[in-house]
Number of protein chains: 4
Amino acid sequence: MTILTPNPNPPFNITRLSHIVLTSRDLDKTRYFYETGLGFEVTEQDSERLCLRAIEENSHHSLIFEKTTSDGPGLCRHIGYRMFSDEDIKAAHDYFNARGETASFVERPNQGLTLRLNDGVGVPIEFCATMDQDTCRMQKFHTHAGGKLAFLDHIQIACHDVAGAYTWYNDLGFRLSEYTAKDGTDEMWGVWLKRKNNTQDVVFGNGPGPRLHHFAYHTPEIANVIHAADVMASLGLADSMDRAPGRHGIGNAFFLYFRDPDGNRIELFTSHYNVIDIDHAPKRWELSDTRRSQLWGFPAPKKWFFEATEFETVVVKKPVMEATPVTLEDFLKNW
Amino acid sequence: MTILTPNPNPPFNITRLSHIVLTSRDLDKTRYFYETGLGFEVTEQDSERLCLRAIEENSHHSLIFEKTTSDGPGLCRHIGYRMFSDEDIKAAHDYFNARGETASFVERPNQGLTLRLNDGVGVPIEFCATMDQDTCRMQKFHTHAGGKLAFLDHIQIACHDVAGAYTWYNDLGFRLSEYTAKDGTDEMWGVWLKRKNNTQDVVFGNGPGPRLHHFAYHTPEIANVIHAADVMASLGLADSMDRAPGRHGIGNAFFLYFRDPDGNRIELFTSHYNVIDIDHAPKRWELSDTRRSQLWGFPAPKKWFFEATEFETVVVKKPVMEATPVTLEDFLKNW
Amino acid sequence: MTILTPNPNPPFNITRLSHIVLTSRDLDKTRYFYETGLGFEVTEQDSERLCLRAIEENSHHSLIFEKTTSDGPGLCRHIGYRMFSDEDIKAAHDYFNARGETASFVERPNQGLTLRLNDGVGVPIEFCATMDQDTCRMQKFHTHAGGKLAFLDHIQIACHDVAGAYTWYNDLGFRLSEYTAKDGTDEMWGVWLKRKNNTQDVVFGNGPGPRLHHFAYHTPEIANVIHAADVMASLGLADSMDRAPGRHGIGNAFFLYFRDPDGNRIELFTSHYNVIDIDHAPKRWELSDTRRSQLWGFPAPKKWFFEATEFETVVVKKPVMEATPVTLEDFLKNW
Amino acid sequence: MTILTPNPNPPFNITRLSHIVLTSRDLDKTRYFYETGLGFEVTEQDSERLCLRAIEENSHHSLIFEKTTSDGPGLCRHIGYRMFSDEDIKAAHDYFNARGETASFVERPNQGLTLRLNDGVGVPIEFCATMDQDTCRMQKFHTHAGGKLAFLDHIQIACHDVAGAYTWYNDLGFRLSEYTAKDGTDEMWGVWLKRKNNTQDVVFGNGPGPRLHHFAYHTPEIANVIHAADVMASLGLADSMDRAPGRHGIGNAFFLYFRDPDGNRIELFTSHYNVIDIDHAPKRWELSDTRRSQLWGFPAPKKWFFEATEFETVVVKKPVMEATPVTLEDFLKNW
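Everything quoted here is computed from the prediction, not taken from an experiment. (Residues numbered from 1 in each chain as written. Chains lettered and ligands numbered in written order. Predicted model: local features only at pLDDT ≥ 70, side-chain atom pairs only at ≥ 80, totals over all residues.)

1. Description of the overall build of chain A
(1) Moving on: What chain A contains, in helices and strands, is six helices and 18 strands.
(2) Moving on: Scaling as 2.2 N^0.38, a compact globule of 335 residues should have a C-alpha radius of gyration of about 20 Å, and chain A matches this with 19 Å.
(3) Moving on: Each principal axis of the C-alpha atoms in chain A carries an extent, and together these give about 55 × 50 × 40 Å.
(4) Moving on: Each of the 335 residues in chain A was classed as buried or not, and the buried ones make up 57%.
(5) Moving on: The contacts of chain A with a sequence gap of at least 6 include a subset with a gap of at least 24, amounting to 70%. (Helix = DSSP H or I, 4+ residues; strand = E, 2+ residues; numbered from the N terminus. Rg over C-alpha atoms; globule rule 2.2 N^0.38 Å. Buried ≥ 20, exposed ≤ 12 C-beta atoms within 10 Å, placed from the backbone. Contact = placed C-beta atoms within 7 Å.)

This is how it looks when you write it as structure tokens:
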């Protein structure tokens, strides 16, 4: 598929990625990982729910864990996006239902009007425009800890149908900032899609899906990323790292990845860039060019490529494209 | 004046601050200051014009100096804003002229369709949607130098009529992120206005105006700001600093200010934050609260408060509000 | 006076600056400043004494506050230096007493054999070789806070007789790394003297003295110094800053100064360098060259130059040299 | 073997590691790697020799490459240490020869009196006290580039007889700061030995030897280490990395390793700590505790453990101890 013409007049105004809702087998363990370890603020916890947010976030939550009695790994219940106003939410309700996609209003604590549906590739998503507001910790510098995470930036979805996802989100006004294509072809392996001013709110990468590969929080300094690693190590959580620090070619992020107690993957990163202008062309990377995943350092290990969080009750499908990543394990054989 | 209702449906889509055009008595001296000192990239220079941009900028210029034969201090020829598309530019042309404001198309090298007018308080501004594009230096890390400046972020205008400026820009969809008001009143001393996702594209602060108080470039790390100071010192340019590093309460910026060879003031800063959501309320600061200008450290000296770059051919007017800042000189008398 | 020949075979082995003992009117207030604010570890506190140390220090204390009932500003009770072994302490006892300087053994909690005397310019100093040891917080990264201070590095003494101090310490094997002299003369305004491998353990600068001008802790990153300022501000302690961040020409330190609740001055800094080799010549600075105090930025205000902590029961004398520093107040008059 | 009693009165005063002399097949390629890439200063180059130093070094060289016509990998010609004075060098000459170890004076350009011998395990070492001095680039901030390396800090030797090396250096006054021993035994796998004030000048680790495993330069900030990786990548030298960034438990260094064009390994690191006091006990690590090599992240790959630079004309011997490291390849099998 070729690059789509961006939609300059989407039917409603989605502004950004908003929040993620996951299951947890043990909310206290989850809290230790995110609050004590990574430095998140707990805005609410009871026996059923743990709400978290980062340093620059005034909204009630960007990350929610809901208690599960299941023994299995964590599941994602939905991805939350923000629209600009309730008028946008209502317009979206009508738009989706008119297209034959079932979109229904749901009640969510601490949020205003909220609309739920599945996106074009089956990911459960919810839209709201407002959320309970409270002054963030940005200027309470003495409370900054762990990775000093500033805000939820993006998610990555392992996806069986990247082209389908791209088309669905493009119609809603998401814009392509960078992409990976099979060498010399138009077949898209991965798309970096954005509504807010930087490179991505959501990434779809080829693989069995839909599954939540990771969610990513931004921190303003390289040393904060490394300090997070140091802190996790001194708290006995070093084993939760599943990819060592490095620099992605795509998006230019200096990154580090952890797995939480339920196996969900979180990326801490710094250094994205702005994509605003109409003449800012999407940047192409060949699939065989490993610099898109790391400008330097070793490839990610197999687990990083193949393990991800399933969406609750959503069936995982085989990917359209056959493509095998170069894993750390493969790389070392020839090194 | 009270806080205005933001305009969710502006008549055209201004996306961000784009560029600044200033005069220079000696382009080589100017180049030494910006390129050798602060680390800007020169995209073009001839005997009449010097075009500069920062590390993450793909567009041809965010800063232009035009040779002047005048002996006086630097003048600002105009402020450039970006709109999303040429359709927006055309709509703006019709909109302003219908309102009785003279807006005319002008030819500018390296830019697409460009519209020029004076804003509601007399600042000469120009809008374009496209500009020559070329891959930036973001991933040519070996070329990063000086303050490692990433992108032009905002300008501040000393303004005789802050309320007038606020109204004019609010109509065009600019949104208020923070503001300073006379203690306990609704009289606005300063407004932080934004189109892109962070806190400000343009600030209007009470004072004789309109004059360009400073323009500001973002750098991603605190140590980059300090390294810029060190580099300027080792190049013999230490005297060009006119405010030592500190942390603004408003906008949370860690800042440093220099004056270029023509007296224009540039701010290097890091750490702004996102303002996107409809329920993100503007943050109020009382005029008497010096923490808005510095969370710690000393006040700025008189020069910083009272000296600024005039706009060519624009008459400077006395401010509507009487308000005297606490200068470093005043502060030291009672310390 | 000319530069003295360093003494390669001192009569005993002083290894480094060790600790400082000061008075406090309110130990809880002092603890809030140093522990909550700057991030020090409290190793002991009772109603009479507060013992503190920094992140990389295994020894029991590098900073002690003793409760005073006096209403006046803080006093320094003594400066502690470390010798390599108890044999060195004993040799020092004999050496000083043979020279007619009264040196006596004293009992100090948590320390081994300790010797007390006044140095050549009247500063009460104590030597010990051992102190209670306990694993430091270096690899407990989750406990690092405030300025992330690593270790006590040096002190600066305002001194009526810099030449006398230099001679006294040179005899004991202290070596000159940098110095300031009256322009074009051999008259020393200040001497940077060292035993450990970097530039200074103790500095003597011309002024009414002896008085403790400041003590300085090292932190490994520029951003840590700035974070300390941010933290102090968010804790309501911003007013305790008495010199904004800057870069000293002498010693190359990136610095920041605070005054504690009793008025004692502490410097947080990063970036010293090694002085080890015999052919590493002392670096000379002319007194009139303000770059020795700041490579960039404004001069320090009057208070920084003229206020200091007196040594308990030690009479302050008029300095030998007449020299007036350029204060911030002076600087601004001509700027 | 148990921990040896340090020698407080060594027969002469070795002060620090000084320099390393290696062969290069192509001095221009070597220069590109070290000067353009890592940011070293070239103090001299002709067709036969390339002399390099780091930002804070006043001495003529800390790293020398000598042209070789050999096709093989780089060889180390000798390790240079500094003594305090020529008197120390002369005393060493007599001391070693009296012990039956052949120590001879040699002529070296840009150095004073120089003594050469093989250490107790066969490493060719040279001692000098003086070297040509010239002001370093510390305060020429605009010249700082690449990894902003400050000074040569230490070397690590793969050694067939760690106990023998420890004994030999302990006699000369080197002190043990940390060590690794076979679990629950006194058998030393590795010793961290120091003369200067921090944790190590030379490390001996069990393995076929003697071979130079790596030499290490200090840089003051974490972001500098990462910037070096970024710069190497943008210069096309990313493949020269042979261990991704991480934190050593031993010595607390945040590290990154590269291999130069001749295969020699260089470590860039930050964050060591002081070891000065007599009661600062050596820190023990069990051989099976992988945290000594990395507090977090993956183990080093096989190459890092098994490849090293041979010393010219020195026969490599099988190690006394049998011990197999956990390599990245091994780790991944069970992960």
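2. Examining the relation of the copies chain C and chain B
(1) Moving on: Each copy of the sequence occupies a distinct position, and chain C is placed on chain B by a rotation of 180° and an axial shift of 0.0 Å, giving an RMSD of 0.0 Å. The superposition of one copy onto the other is thereby described by a two-fold rotation axis. Distance from the rotation axis, computed per C-alpha, reaches its smallest value in chain C at C:Ala223: 3.0 Å. (Least-squares fit on C-alpha atoms with pLDDT ≥ 70 in both.)

3. Looking at the interface of chain C and chain B
(1) Moving on: Taken together, the contact between chain C and chain B spans 22 residues of the former and 22 residues of the latter.
(2) Moving on: Elements represented by at least two residues in the side of chain C that touches chain B include exactly helix H4 (222-234), strand E14 (241-247) and helix H6 (328-333) of chain C.
(3) Moving on: Top contributing element to the side of chain C that touches chain B by residue count: H4(C), with seven residues.
(4) Moving on: By residue class, the composition of the side of chain C that touches chain B is 17 nonpolar, two polar and three charged. (Nonpolar A, V, L, I, M, F, W, Y, C, P; charged D, E, K, R; others polar.)

4. Remarks on the packing of helix H4 (residues 222-234) of chain B against H4(C)
(1) Moving on: The interhelical angle for the contact between H4(B) and H4(C), taken along N-to-C directions, is 105°, at an axis separation of 8 Å. By the criterion of interaxial angle, the relationship of H4(B) to H4(C) is roughly perpendicular. The segment H4(B) lies against H4(C), with B:Ile222, B:Ala223 and B:Ile226 engaging C:Ile222, C:Ala223 and C:Ile226.
(2) Moving on: Of the residues assigned to the contact of H4(B) with H4(C), the class counts are six nonpolar, no polar and no charged. (Axes fitted to C-alpha atoms, helices over the stretch in contact; angles between N-to-C directions. Parallel < 35°, antiparallel > 145°, perpendicular 65-115°, else oblique.)

5. Description of the pairing of strand E10 (residues 175-181) of chain B
All names here are of chain B.
(1) Moving on: Within E10, six of the seven residues are buried, which leaves the element mostly enclosed by the surrounding structure.
(2) Moving on: Between E10 and the antiparallel strand that follows it, strand E11 (residues 188-194), lie six residues; Gly184 among them carries a positive phi value of about 70°.
(3) Moving on: In the sheet, E10 pairs with strand E17 (residues 283-286) via four bridges, with the strands oriented parallel. Looking at E17, one finds that Tyr179 is bridged to Arg284. (Pairing = 2+ DSSP bridges.)

6. Points about the interface of chain D and chain C
(1) Moving on: Counting from both sides, the interface comprises 31 residues of chain D and, opposite them, 32 residues of chain C.
(2) Moving on: Grouping the amino acids of the side of chain D that touches chain C by side-chain chemistry returns eleven nonpolar, 13 polar and seven charged.

7. A few points about the relation of the copies chain D and chain C
(1) Moving on: Superposing chain D onto chain C takes a rotation of 180° plus a shift of 0.0 Å along the axis, which leaves an RMSD of 0.0 Å.
(2) Moving on: When you check the interface residues of chain D against chain C, 100% turn up at the interface there too, and the contact is symmetric in its surfaces.

8. Concerning the pairing of strand E3 (residues 49-53) of chain C
All names here are of chain C.
(1) Moving on: Of all five residues in E3, four are buried; the element is thus mostly enclosed.
(2) Moving on: Where strand E2 (residues 41-45) folds back onto E3 in an antiparallel hairpin, the turn is made up of three residues.
(3) Moving on: In the sheet, E3 pairs with strand E4 (residues 63-67) via four bridges, with the strands oriented antiparallel. Among the inter-strand pairings, Leu50 is bridged to a residue of E4, identified as Phe65.

9. Here we look at the domain arrangement of chain A
Residues and elements named next belong to chain A.
(1) Moving on: For chain A, the assigned domains are domain 1 (14-137) and domain 2 (147-333).
(2) Moving on: In this structure, domain 1 and domain 2 have C-alpha centres spaced 20 Å apart.
(3) Moving on: The partner domain 2 presents 40 residues to the 36 residues of domain 1 that form the contact.
(4) Moving on: Broken down by secondary-structure element, the contributors of at least two residues to the side of domain 1 that touches domain 2 are strand E1 (14-24), helix H1 (27-37) and strand E5 (75-83).
(5) Moving on: Broken down by element, the side of domain 1 that touches domain 2 gets its largest block of residues, nine residues, from E1.
(6) Moving on: Looking at the side of domain 1 that touches domain 2 residue by residue, the classes come out as 16 nonpolar, twelve polar and eight charged. (Domains from an automatic or database assignment.)

10. Looking at H4(C)
Residues spaced three or four apart along an α-helix face the same direction, because each turn holds 3.6 residues.
Residue and element names in this part refer to chain C.
(1) Moving on: Here H4 contains 13 residues, and its C-alpha end-to-end distance of 19 Å stays within 8% of the 18 Å for a straight helix at 1.5 Å per residue.
(2) Moving on: Taking burial as the measure, the 13 residues of H4 include 13 buried ones, the bulk of the element.
(3) Moving on: Downstream of H4 by one or two residues, Gly236 has phi in the positive range, about 85°. (Expected span 1.5 Å × (residues − 1).)

11. Section: helix H1 (residues 27-37) of chain D
All names here are of chain D.
(1) Moving on: Taken together, the buried positions of H1 are Thr30, Phe33, Tyr34 and Gly37. When H1 is viewed along its axis, its buried side chains cluster within an angular range of 110° and face the same direction.
(2) Moving on: Looking at the packing, one finds that the buried side of H1 touches strand E1 (14-24), strand E3 (49-53), strand E4 (63-67) and helix H4 (222-234).
(3) Moving on: Positive backbone phi, approximately 95°, marks Gly39, located one or two places after H1. (Arc of directions from axis to C-beta.)

12. Focus on unusual backbone geometry
(1) Moving on: Residue A:Pro210 is bonded to the preceding A:Gly209 through a cis peptide linkage, with omega at 10°.
(2) Moving on: Phi is positive for D:Thr313, which is not a glycine, with a value near 70°.
(3) Moving on: Along the chain, D:Thr313 turns up in the loop between strand E18 (309-311) and helix H6 (328-333).

13. Some points on the confidence of the model for chain A
(1) Moving on: Looking at chain A as a whole, the pLDDT averages 97, with 100% of positions reaching at least 70.
(2) Moving on: Listed scores for the predicted complex are pTM 0.98 and ipTM 0.96. (pLDDT = per-residue confidence, 0-100.)

14. Brief notes about the environment of B:Phe174
Residues and elements named next belong to chain B.
(1) Moving on: As for its placement among the helices and strands, Phe174 is situated in the loop between helix H3 (162-171) and E10.
(2) Moving on: Along the primary structure Phe174 and Asp230 are separated by 56 residues, whereas in three dimensions their C-alpha atoms are 36 Å apart.
(3) Moving on: Those residues in contact with Phe174, other than ones at most four positions away along the chain, are Tyr169, Leu193, Lys194 and Arg195.

15. Side note on the environment of A:Lys318
Residue and element names in this part refer to chain A.
(1) Moving on: For Lys318, the position within the fold is in the loop between strand E18 (309-311) and helix H6 (328-333).
(2) Moving on: Sequence separation between Lys318 and Gly207 is 111 residues, and the spatial gap between their C-alpha atoms is 7.1 Å.
(3) Moving on: Among all residues touching Lys318, those that are not within four sequence positions of it are His160 and Pro208.

16. Observations concerning the environment of B:Met131
All names here are of chain B.
(1) Moving on: Assignment of secondary structure puts Met131 in the loop between strand E8 (124-128) and strand E9 (151-159).
(2) Moving on: Given 24 C-beta atoms within 10 Å, Met131 falls into the buried group.
(3) Moving on: With 113 residues separating them along the chain, Met131 and Ser18 place their C-alpha atoms 10.0 Å apart.
(4) Moving on: Other than its neighbours up to four places away in sequence, Met131 contacts Ser59, His60, Asn110, Gln111 and Gly112.

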